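# Examining the three-dimensional arrangement
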Amino acid sequence: MHINYWTELKRNKFGRIGLIMVSILVLVALAAPFLAPHNPWVYQGQPLTPPSEEYILGLNDIGQDILSELIYGTRTTLLVGVSVAVFSTLISLALALAAALGGRIVDRIILRLIDIMLILPVFLIAILVAIYFKPGVVTIIIMLTLLLWPPGARILRAQTLSLKERQHLTAASSFGAGKGYIVYRHLIPDLYPLLTVNLIQMVRRTVFMEAGLAFLGIFDPTQKSWGLMIHYASEFIFTGAWKWWLLPPGLLISYTIIGFALIGYALESSLDPRLRRNIHYVGH
Amino acid sequence: MLDINNLKVTFDTRMGEVNVLNQVSLKIAPGERVGIIGESGSGKTTLALSIMGLVQGQVQGSIKYRGEELLDKREEDWEKIRSKKISMVFQNTGEMLNPVYTLLDQVMEPYLKVNPGKKKEAFNRASNLLKKVGLREDHFYAYPFTLSGGEVQRGLIAMALINDPELLILDEPTSALDALTRAELIRLLDEIAQNKTILVISHDLSTVIKLTRRTAVLYAGSIMETGPTESLLREPKHPYSRALVRAYPTRTTVKDLQGIRGEFPSLVEPPSGCPFHPRCTQALEKCSQEKPCLVEAEEGALACHRGGIITLLRGENLVRRFPRQGKEGKEIYFNAVDGAGVTLKEGEILALVGESGSGKTTLAHILAGINQPTEGKVYFQDREIYSLKGREKKDLRRRLQILFQNPQEAVSHRMMVHDLVEEPLEIQGIGDKETRVQGVKEALGLVGLPGDSFFLHKYPHELSGGELQRVTIARALVMKPKVLIADEPSASLDASVQAKMLKLLMHLQNEQGFALFLITHDLALAGKVGDRVAVMFLGKIVEEGPTSEVFRFPLHPYTELLLDMAPSLEREVPSLRRTVKLKEEEGKGCPYYAHCPYSTELCSREEPPLKEKGFQRVACHRAAALEKKNNNNSYYKEIKKVL
């Protein structure tokens, strides 16, 4: 049946909360230069200054304002998260369509490739690759994109296999439509629900991965990243600074992941008939 | 005996010159019985009057009677010819007899004119003839206005026979009479015709088939087709003849009546080229430019540029094999369609009947070009459809459309009505945005749906089942296809919506002139809609033929069973006579053997081929036995006695 995601999302309690949480993050990221009280790259004063009226969360070990760092870090997190989600979903989609429509041999090759990718320890490879390439934001995006597409591809392929037997595709080809038209006009629109869910889940995963890598110090040190902040703060775990330096980025990472997870959950429950309590149609 | 050559009759009227007959050529041999059929206005009576020398327009061409040119005769000569050689029974309009003379006097009159003074002889002849045509003596002296229509008609026949003519022309001898009087008159005329040459002019096909052996079809002053009456009326070759037969109800007609689309052409400004082309479903450009000549064909003659009704879609020996999981994971195969063959002609409705699992849908998909058969070939106008490429393939898709069984599944639920119906046009790249919207609205109008913006922007789930089915029909018709394959279009609808849907399909089929291949499991329904019926069992066509024949004389035991099980409003619980026998060898013999109550030992050994039997085709060794059983049917016997 026809589902309006937006209405579904708004109707779901968790979906509403998730949406609010994520929209706040997006607003903060966009308005970072106006919200940040100081330039986070500039030395402000005595390192490890505790919170004061001027510096609400104090200063770090090289005298930068922690609150401003957090605000700018939102940008990095969302940029990496959304880019990786979009690119890896595109790769998943392309490979899924190729596997489902390209015949038996293509299907086998792609499936084996997915299997191999799935058993590889993603984190370990990320660390090795990252050390070798001295990662900036772009490198991290490319790397995570190349590592995170397989689960999405598998789900999309399975769905495409069932969708391509739908009769309205047969109808379209009986009107003389070519494969390109059918994919573009029928298959991809039919995959929208799954693509949306996949996109949201990928953002969630990427945020976590990026934070983890940065925590291990594998990130361009000139960038502002929550993971990186935790990385530096962890060295000062025995001073009292962790309360305003280590805790806030940790909480923010959790907040972001929870926000996306709630949206994802709400979408999934409205798309999966078994999880839907009462079905609302548009129009009636 | 009579040889009409290039006869042309025109009348001058104040509207201009009216062309009533156009290059009509017809030969009648001595002793032959010939019929002329056609709609009113087609020029039938004018033809008869020309032969009698009574027509008042300009006559060109030639009419030779035993080598003598009749058109050169002067009025004095005519009197002899008219009474002694050619005589005509006029159409009884109630004004044919003079109301101030008695019937006997008027019957005697023609005799006295040829043999003046022989009153006694005239009286004897006339009263004998009147008795012979079934009138009592008290009718002899009656005035015409005191007689009934049937009695006057008998009197007119007696009058035409009094000079013992060689050629008798009967103009609508039975129309406007009730069935019983008509039956008696037909019997009488049949007796009279034993030793005469007769020319019957009528729009009443049942009279023509009983009285004549050869028939010509006249349309707008031109002969479209001639041939042996029986085969012409049962299997007409010209689209007009078929339309004429289709519009005529008989006792055995089961199909709903269908008129001929369009209007009868104006004779003042006749259509250029073939006179039938504006109403014809298979007209080409050539048909509107050039008039087809009457060309000799197998048993008769035909005037059609396309050589008669063409075959649009033909499937030969189609086999579709599907894999199926067997014992212990072994892969086995079964044939969903197993050697079926189907022929669909231009502008006809063919109904395919069979129980579920008999391979109907697979066959439909094969014929629609979306499921390649394992073996066999499908031809669309003599071109194999699975070997077409590129442009040609796209063109085929435009002309061959399929309606899927379940409309809900056949549409994308993300597309609005407008996008759904426009999709075929978009794929084919027909027209620009604006003309496409126009096309969509037209197509929706055809199926009786509104074309307003509100409806165009509805999603499929906002429509009822019947509405959605109509949308899919509109989508299939938006490209004006030549063939529509409809797979159980009404299976999911209730009876009243189903009735509307099928009426709509039949109406559209007639108006748009496409050929319809209707698949259904309901034989009663197939009879209402189909011109021809094909019965499918286990992937094979077991019987095929004109609907009325198959319904009256089912030749295959399976058809008989389907007919018995067709829906009826009787309280009796059906007693299904399906026996199950085991064959000695699996995979050999008749596929119906296991259930057949008439089977013999031969049936278990040899598979019966599809053989012609009259106008039907049947695959059964025991068809002859079944035919005999049908003939012994008491009901049929009774009817035969009456006629």
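Our structure's up above, just so we're on the same page.
## A closer look at the interface of chain A and chain B
Tallying the contact residues gives 24 residues for chain A and 27 residues for chain B. Between chain A and chain B the total buried area reaches about 2200 Å² when both faces are included, carbon and sulfur atoms providing 57% of it. For the pair chain A and chain B, the number of links is two salt bridges. With a shortest N-O distance of 3.2 Å, B:Arg414 and A:Asp190 are connected by a salt bridge. In this structure, the connection of chain A to chain B is made through eight residue pairs in polar contact (both at pLDDT 80 or more). Elements that contribute at least two residues to the side of chain A that touches chain B include exactly α9 (167-174) and α10 (179-215) of chain A.

## Things to note about the packing of helix α5 (residues 104-119) of chain A against helix α8 (residues 150-163) of chain A
All names here are of chain A. Contact geometry of α5 with α8 gives a least axis separation of 9 Å together with a crossing angle of 145 degrees. Note that α5 runs across α8; the crossing there is left-handed. Facing Asp107, Leu111, Ile114, Asp115, Met117 and Leu118 of α5, the residues of α8 in contact are Pro150, Pro151, Ala153, Arg154 and Arg157.

## Details of the pattern of salt bridges
All names here are of chain B. In total, this model carries 37 salt bridges over all chains according to the counting rule given. The salt bridge involving Asp138 is made with Arg136; its shortest N-O contact spans 3.3 Å. You can call Arg136 exposed: its relative accessible area is 52%. When the shortest N-O distance is used, the salt bridge between Arg234 and Glu230 registers 3.8 Å.

## Examining the environment of A:Ile182
Residues and elements named next belong to chain A. Along the chain, Ile182 turns up in helix α10. Owing to a relative accessible area of 13%, Ile182 belongs among the buried residues under this scheme. Expressed as a C-alpha distance, the spacing of Ile182 and Ala130, which sit 52 residues apart in the sequence, is 40 Å. If we ignore the near neighbours within four places in the chain, the residues touching Ile182 are Leu169, Ala172, Ser173, Ala177 and Leu187.

## Quick word on empty space enclosed by the protein
Residue and element names in this part refer to chain B. Inspection of every chain in the model, using the stated rule, returns six cavities of 30 Å³ or more. Looking at the largest cavity, its volume works out to about 160 Å³. In this structure, the largest cavity is lined by 15 residues; those nearest its centre are Arg242, Ala243, Arg246, Thr281 and Asn510. For the lining of the largest cavity, the elements supplying multiple residues, two or more each, are α10 (239-246) and α19 (495-513). The biggest single contributor to the lining of the largest cavity is α10, with four residues. For the lining of the largest cavity, the class distribution of residues is five nonpolar, six polar and four charged. There is about 80 Å³ of room inside the second largest cavity. What lines the second largest cavity is a set of 13 residues, among which Cys274, His277, Cys280, Cys287 and Cys304 lie closest to the centre. Residues that form the lining of the second largest cavity fall into these classes: eight nonpolar, four polar and one charged.

## Some details on the side chain of B:His277
Residues and elements named next belong to chain B. Assignment of secondary structure puts His277 in the loop between α10 and α11 (285-289). One polar contact links the side chain of His277 to the main-chain carbonyl oxygen of Ser272, over a distance of 3.2 Å. In contact with His277, not counting residues within four places along its chain, are Pro271, Ser272, Ala283, Cys287 and Ser288.

## Considering the sheet that holds strand β23 (residues 611-613) of chain B
Residues and elements named next belong to chain B. On the basis of which strands lie adjacent, the open sheet formed by eight strands has the order β18-β19-β20-β15-β21-β22-β24-β23 and mixed pairing. Either end of the sheet is taken by a strand with one partner, and the two such strands are β18 (400-403) and β23. When strand polarity is set aside, the average angle formed by the axes of neighbouring strands in this sheet is 20 degrees. In the sheet, strand β19 (residues 483-487) pairs with strand β20 (residues 515-520) via five bridges, with the strands oriented parallel. Residue pairing for β20: Asp487 is matched across the bridge by Ile519.

## What to know about helix α1 (residues 44-51) of chain B
Residues and elements named next belong to chain B. Counting buried positions along α1 gives six out of eight residues, so the element sits mostly inside the fold. Among all positions in α1, only Lys44, Thr46, Leu47, Ala48, Ser50 and Ile51 are buried. A positive backbone phi angle near 70 degrees is found at Gly53, which sits one or two residues after α1.

## Notes on the sheet that holds strand β5 (residues 68-69) of chain B
Residues and elements named next belong to chain B. Taken in spatial order, the four strands of this open sheet run β2-β1-β4-β5, and their pairing is antiparallel. Every other strand in the sheet has two partners, leaving β2 (16-28) and β5 as the edge strands with one partner each. Two elements, strand β1 (residues 2-13) and strand β4 (residues 58-65), share seven bridges in a ladder whose sense is antiparallel. Considered in β4, the bridge of Lys8 is made with Gln60. Packed on one face of the sheet, α1 meets β1, β2 and β4 and runs near 115 degrees to β1.

## Comments concerning unusual backbone geometry
Residue and element names in this part refer to chain B. Its identity is not glycine, yet Glu172 carries a phi of approximately 45 degrees, on the positive side. Mapped onto the secondary structure, Glu172 falls in the loop between β7 (167-171) and α7 (179-192). Under the relative-accessibility criterion, Glu172 is labelled buried at 4%. If you check the backbone angles, Leu538 has positive phi at about 45 degrees while not being a glycine.

Conventions we followed
Residues numbered from 1 in each chain as written. Chains lettered and ligands numbered in written order. Predicted model: local features only at pLDDT ≥ 70, side-chain atom pairs only at ≥ 80, totals over all residues. Heavy atoms only, no water. Contact = heavy atoms within 4.5 Å. Buried area = accessible area lost by both parts, 1.4 Å probe. Salt bridge = Lys/Arg side-chain N within 4 Å of Asp/Glu carboxyl O. Polar contact = N/O pair within 3.5 Å; in protein donor to acceptor, adjacent residues only side chain to side chain. Helix = DSSP H or I, 4+ residues; strand = E, 2+ residues; numbered from the N terminus. Axes fitted to C-alpha atoms, helices over the stretch in contact; angles between N-to-C directions. Left-handed = near helix turned anticlockwise from the far one by under 90°. Buried < 20%, exposed > 50% of the residue type's maximum accessible area, 1.4 Å probe, protein only. 1 Å grid on protein atoms, 1.4 Å probe; cavity = no way out; pocket = protein on both sides within 12 Å on 5 of 7 lines; lining within 4 Å. Points joined across faces, edges and corners; volume = space filled by probe spheres on them. Nonpolar A, V, L, I, M, F, W, Y, C, P; charged D, E, K, R; others polar. Pairing = 2+ DSSP bridges.

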